[in-house]
Amino acid sequence: FHLDNDTGAPVPEQWNFSRVGDIRVLGRYQLRSENQQTHSLSFYGLNFGLKLPTGSRDVVNADGERAERTLQPGTGTTDLLLGAYYSRFLPNSNASWFVQGLLQSPLNSREDYRPGRRVSLDLGYRYEVTDQLGLMVQLNALHRSKDSGLQAEPDDTGGEFLFISPGISYAITKSFQVYGFVQKPIYQHVNGVQLTAAWSAVAGVSTRF
């Protein structure tokens, strides 16, 4: 819900929808390093993939008014995903920690709209309760640049965010696992006026070849 002031007087507008957004396909190339003196095991490597334009971008409300492009479930663009990570198992324990960074950069624009570039940095801790069940907590920092294009609203897009994200993972097999997080903002600074979430949830699956 918000007020549209384009006509000179405030006009109330609202949307209520639940749609699947853009899907991210992310691959990981991993290398292993073992220190015999400290009995520690480390992994490092690259993350790479694409964000695909699978989400809707033509959602309308009961009055037939199309939501702004920043509110749509999908951007309509294909984005490059590229990053690196490092993780380390703590000696003589079932715990590990990791750090990773990821760049998401649009490769094209769609209908005079190009979303801003995203740079994220994650720091996490994981505890293996059993061979299959893992508990996790993360700090997630995100910088988002302003959108561009005739259908964009640069003055009301972009910002910096910091989240805390407790989560859980379960290994169905040795090479296939499911996971989920609840993400709560600690700090948010946005440009102009924007809608932000009080909390969000993330779920996914991963497999190893």
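Residues numbered from 1 in each chain as written. Predicted model: local features only at pLDDT ≥ 70, side-chain atom pairs only at ≥ 80, totals over all residues. Heavy atoms only, no water.

Caption draft 1: Region of interest: the environment of Phe-1. Its location among the elements puts Phe-1 in the segment before β1 (2-4). Along the sequence, Phe-1 and Gln-72 sit 71 residues apart, while their C-alpha atoms lie 14 Å from each other. The residues touching Phe-1, leaving out its near neighbours within four places in the chain, are Pro-12, Glu-13 and Gln-14. (Helix = DSSP H or I, 4+ residues; strand = E, 2+ residues; numbered from the N terminus. Contact = heavy atoms within 4.5 Å.)

Caption draft 2: The pattern of salt bridges, seen in detail. Counted under the stated rule, the structure contains six salt bridges. Arg-144 is the partner of Asp-147 in a salt bridge, and the nearest nitrogen-oxygen pair spans 3.1 Å. The exposure classification of Asp-147 matches that of Arg-144, with both residues buried. Through salt bridges with shared partners, a single network forms among Arg-57, Arg-66, Arg-69 and Glu-111. (Salt bridge = Lys/Arg side-chain N within 4 Å of Asp/Glu carboxyl O. Buried < 20%, exposed > 50% of the residue type's maximum accessible area, 1.4 Å probe, protein only.)

Caption draft 3: View of the pairing of strand β7 (residues 118-128). Here ten bridges tie strand β6 (residues 95-106) to β7, and the two strands are oriented antiparallel to one another. When the bridges of β7 are listed, Gln-100 appears paired with Asp-122. Across eleven bridges, the pairing between β7 and strand β8 (residues 133-144) is antiparallel. Across the sheet, residue Gly-124 finds its bridge partner in β8, namely Gln-138. The hairpin turn running from β7 into β8, its antiparallel successor, is four residues long. (Pairing = 2+ DSSP bridges.)

Caption draft 4: View of the side chain of Lys-51. Structurally, Lys-51 can be placed in strand β4 (residues 40-51). There is a polar contact of 2.7 Å between the side chain of Lys-51 and the side chain of Asp-22. A polar contact of 2.9 Å, which involves the side chain of Lys-51, links it to the backbone oxygen of Thr-77. Apart from residues lying up to four places away in sequence, Lys-51 is in contact with Asp-22, Ile-23, Arg-24, Thr-75, Thr-77, Thr-78, Asp-79, Leu-81 and Gln-104. (Polar contact = N/O pair within 3.5 Å; in protein donor to acceptor, adjacent residues only side chain to side chain.)

Caption draft 5: Layout of a nonpolar patch on the surface. A surface patch of nonpolar side chains, about 1000 Å² in accessible area, is lined by Leu-90, Leu-123, Tyr-125, Tyr-127, Val-129, Leu-135, Val-137, Leu-139, Ile-164, Ile-168, Ile-186 and Tyr-187. Only β7, β8, β9 (159-171) and β10 (176-190) provide two or more residues apiece to the nonpolar patch. Inspection of the secondary structure puts Leu-123 in strand β7. (Patch = residues over 30% accessible without salt bridge, like charges linked within 9 Å, V, L, I, M, F, W, Y side chains within 5 Å. Areas by Shrake-Rupley, 256 points an atom, 1.4 Å probe, with all protein chains shown as cover.)

Caption draft 6: Highlighting the packing of aromatic side chains. Tallying each qualifying case throughout the model produces four aromatic pairs. A ring pair is formed by Tyr-86 and Trp-97, whose centres lie 5.6 Å apart and whose planes are at 55 degrees; its orientation type is tilted. Placement of the pair is Tyr-86 in strand β5 (residues 79-89) and Trp-97 in strand β6, with a sequence separation of eleven residues. Judged by its relative accessible area of 28%, Tyr-86 falls in the partly exposed class. Arranged with centres 6.1 Å apart and planes meeting at 10 degrees, the rings of Phe-161 and Phe-163 form a pair that is stacked. Like Phe-161, the residue Phe-163 is buried in the burial classification. A cation over a ring is seen here: Arg-28 above Tyr-85, with NZ or CZ 3.9 Å from the ring centre. (Phe/Tyr/Trp six-rings, centres within 6.5 Å; stacked < 30°, edge-to-face > 60°. Lys NZ or Arg CZ within 6 Å of the ring centre and 35° of its normal.)

Caption draft 7: Region of the structure containing the side chain of Ser-169. Within the secondary structure layout, Ser-169 lies in strand β9. Looking at Ser-169, its side chain comes within polar contact range of the side chain of Arg-126, at 2.8 Å. Residues within four places of Ser-169 in sequence aside, it is in contact with Arg-126, Gln-132, Leu-133, Gly-134, Met-136, Gln-177, Val-178 and Tyr-179.

Caption draft 8: A look at the environment of Gln-132. Secondary-structure assignment places Gln-132 in the loop between β7 and β8. Residues Gln-132 and Ser-96, spaced 36 residues apart in sequence, show a C-alpha to C-alpha distance of 15 Å. Dropping the residues within four chain positions of it, Gln-132 is found in contact with Ser-169, Tyr-170, Ala-171 and Ile-172. Within polar-contact distance, the side chain of Gln-132 engages the side chain of Tyr-170 at 3.4 Å.

No statement about biological role is implied by the geometric values presented.
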